[in-house]
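Single-letter residue listing:
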Amino acid sequence: IYYDIAVDFVELSGTASISLKYSSTSVKKRTIPSANLYYPSQIVGSPFETNIVPGAADYPYTDAYGAGLTEAISGKPAVFYVQTKDSMNNNKTTDYETIDPADLLQVTVTGTSGNVHSTYYADLEYMGSGLFKGTYTPLRTGKYSVSIQMGGPDGRDIYCGLGESNKCSPFDMLVTPGPTVPMFSEVESPAVEIMDYLVEAVVGEFGYFYIQAKDAFGNNQIVGGDDFKVKLVNQADSSIEYRGNVDDHGDGTYTVRYTIKVAGNYDVHVTLATSASGEDEALYQCSPPTG
């Protein structure tokens, strides 16, 4: 058996000396003979320069990150990244330029909005050094699951180095509505009333109806803050005009209340101020019968 020995010796002042001794049950303490001391000698060409490359990509350590794994907006591309790693948690450095990403990774986004089941498949772009960029565009709002698998059609969800019991995939993801647009937003009459206040009313009495804000894909808004405006204009005399009071409930729904003092036929204009156009866009127009 060989042992590594390091001896540090400093002569501070005067004459000094040092000796290295050993002893055992069969050897009396004595200076170690030089014949028992060895030192290594490099062979020709040593040391050799060696490049250690990562092993094959493995699902237990492959990692994923990015906002697109947990949240998205309808109609807007959601982005995330997948970093492939080997079984020793080393980032892959293999060039995948000539490999179809679908042969290595599969990303499926599934969820239900109302009674509609939706499935999206992420597009994968290789960025180099084992890193992939994933992109998908959801159209329906709701809760979704983002599954990232490796190994072909029968692949397994990645763990992100967290172990099987705490694996990261599938991720829980929420899709929220995009900006409100007048084209798909709706105006509704109150179903609980005998009178349809969107097309008829009584002079001097309060009338009301509802607005449901929606985005460009018909998803109901879940927050308020939209600038809806309502006016009722007399058809015979446009100088007679009344404004509706719009109550924001903070959940994408609005109640419009109004009172008419002059009998006649009126056009009901419901508009939304949008930043895209810089002006009020018509949401709904109707010409009710005599009120």
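Here's a quick rundown of the structure. Being a predicted model, the structure only gives us computed values, none of them experimental.

Within the secondary structure layout, F171 lies in strand β12 (residues 171-176). In this structure, the C-alpha to C-alpha distance between F171 and Y144, residues 27 residues apart in sequence, is 8.3 Å. Setting aside residues no more than four positions away along its own chain, F171 makes contact with A64, L69, Y144, S145, V146, I148 and C160.

Moving on to the sheet that holds strand β13 (residues 186-188). Two pairing modes exist for strands in a sheet, parallel and antiparallel, and in both the strands are linked by backbone hydrogen bonds. In space, the four strands of this open sheet follow the order β13-β14-β18-β17, with antiparallel pairing throughout. Bordering the open sheet on either side are β13 and β17 (245-248), each of which pairs with just one other strand. Between one strand and the next, the sheet's axes are offset by a mean angle of 25°, whatever the strand orientation. Sheet topology places strand β14 (residues 206-212) next to strand β18 (residues 253-259); seven bridges connect them, and they run antiparallel. Each bridged residue has a counterpart across the sheet, and for Y208 the counterpart in β18 is R257.

For Q221, the position within the fold is in the loop between β14 and β15 (228-234). Given a relative accessible area of 8%, Q221 falls into the buried group. Separated by 3.0 Å, the side chains of Q221 and T180 make a polar contact. Residues in contact with Q221, not counting those within four places in the same chain, are P177, G178, P179, T180, Q212, A213, K214, D215, D226, D251 and G252.

Note: strand β3 (residues 63-65) against strand β5 (residues 78-83), three bridges, orientation antiparallel. Across the sheet, residue Y65 finds its bridge partner in β5, namely Y81. Here six bridges tie β5 to strand β9 (residues 131-136), and the two strands are oriented antiparallel to one another. Its bridge partner being in β9, V79 is matched across the sheet by T135.

A few words on the sheet that holds strand β8 (residues 123-128). Ordered by their spatial adjacency, four strands build an open sheet running β3-β5-β9-β8, and the pairing between neighbours is antiparallel. Each edge of the open sheet is held by one strand with a lone partner, namely β3 and β8. Strand-to-strand twist in this sheet, taken as the mean axis angle between neighbours without regard to direction, amounts to 25°.

Our next topic: the nonpolar core. Counting residues in hydrophobic clusters, the biggest one holds 29 residues, and the most contacted among them are Y136 and I148. Going through the elements one at a time, β5, β6 (105-113), β8, β9, β10 (142-150) and β12 are the ones with two or more residues in this core. With four residues, the single largest contributor to this core is β10. Residue contacts for I148: discarding those within four places in its chain leaves A64, L69, F80, V82, L105, Q106, V107, R156, D157, I158, S169 and F171. Among the nonpolar cores identified, the runner-up in size contains 20 residues, and V187, V230, Y266 and L272 belong to it.

A few words on the state of the cysteines. Working definition: the covalent bond between the sulfur atoms of two cysteines is a disulfide. A complete count under the given rule lists one disulfide for this structure. Here C160 connects covalently by a disulfide to C168, the sulfurs 2.0 Å from one another. Measuring handedness by torsion sign, the sulfur bridge of C160 and C168 sits at about 75° and is right-handed. By the burial criterion, C160 is buried, and C168 matches it.

Leave glycine aside and you will find that most residues have negative phi; peptide bonds, for their part, are mostly trans. Note the cis peptide between S169 and P170, where omega equals 5°. Of note, P170 is situated in the loop between β11 (156-157) and β12. If you check the backbone angles, S129 has positive phi at about 55° while not being a glycine. Structurally, S129 can be placed in the loop between β8 and β9. Judged by its relative accessible area of 48%, S129 falls in the partly exposed class.

Tallied over the full model, the rule gives three salt bridges. The salt bridge involving E241 is made with R243; its shortest N-O contact spans 3.2 Å. With a relative accessible area of 34%, E241 lands in the partly exposed category. On the accessibility criterion, R243 (54% relative accessible area) is exposed. R257 is paired through a salt bridge with D247; the nearest N and O atoms lie 3.0 Å apart.

Per the stated rule, a full pass over the model turns up ten aromatic pairs. For the pair Y126 and F132, a centre-to-centre distance of 4.9 Å together with 50° between the ring planes defines the contact as tilted. Between F209 and Y258, the aromatic rings sit 6.3 Å apart at their centres with planes inclined by 50°, giving tilted as the arrangement. Here the residue F209 occupies a position in strand β14, and Y258 occupies one in strand β18, the gap between them amounting to 49 residues. When its relative accessible area of 4% is taken as the criterion, Y258 is described as buried.

Conventions we followed
- Within each chain, residues carry numbers counting from 1 in the order of the written sequence.
- Where totals are concerned, whole chains, interfaces and linings use all residues; where local detail is concerned, this predicted model gives features only for residues with pLDDT of at least 70, and gives and counts side-chain atom pairs only at 80 or more.
- Calculation of side-chain values draws on the structure's entire complement of heavy atoms; hydrogens and water are dropped beforehand.
- Helix and strand labels come from DSSP, where a helix needs a run of H or I of at least four residues and a strand needs a run of E of at least two; each type is numbered from the N terminus.
- Any pair of residues with heavy atoms lying within 4.5 Å of one another is described as a contacting pair.
- Strand pairing is defined by DSSP finding a minimum of two bridges between the two strands.
- Throughout, an axis means a line fitted to C-alpha atoms (over the contacting stretch in the case of helices), and angles, computed between N-to-C directions, take values from 0 to 180 degrees.
- Exposure categories follow from relative accessible area, calculated using a 1.4 Å probe and restricted to protein chains: below 20% of the type maximum is buried, above 50% is exposed, and the middle band is partly exposed.
- Here a polar contact is taken to be a pair of N or O atoms separated by no more than 3.5 Å, where protein atoms must pair a possible hydrogen donor with a possible acceptor and residues adjacent in sequence count only if both atoms sit in side chains.
- To form a nonpolar core, buried Ala, Val, Leu, Ile, Met, Phe, Trp, Tyr and Cys residues must be joined to one another through side-chain atoms within 4.5 Å.
- Whenever a pair of cysteine sulfur atoms sits within 2.5 Å, that pair is classed as a disulfide.
- Definition used for salt bridges: Asp or Glu carboxyl oxygen within 4 Å of a side-chain nitrogen of Lys or Arg.
- To pair, rings of Phe, Tyr and Trp, with the six-membered ring standing in for Trp, must have centres within 6.5 Å; the planes then decide the type, stacked if under 30 degrees apart, edge-to-face if over 60, and tilted in the middle.

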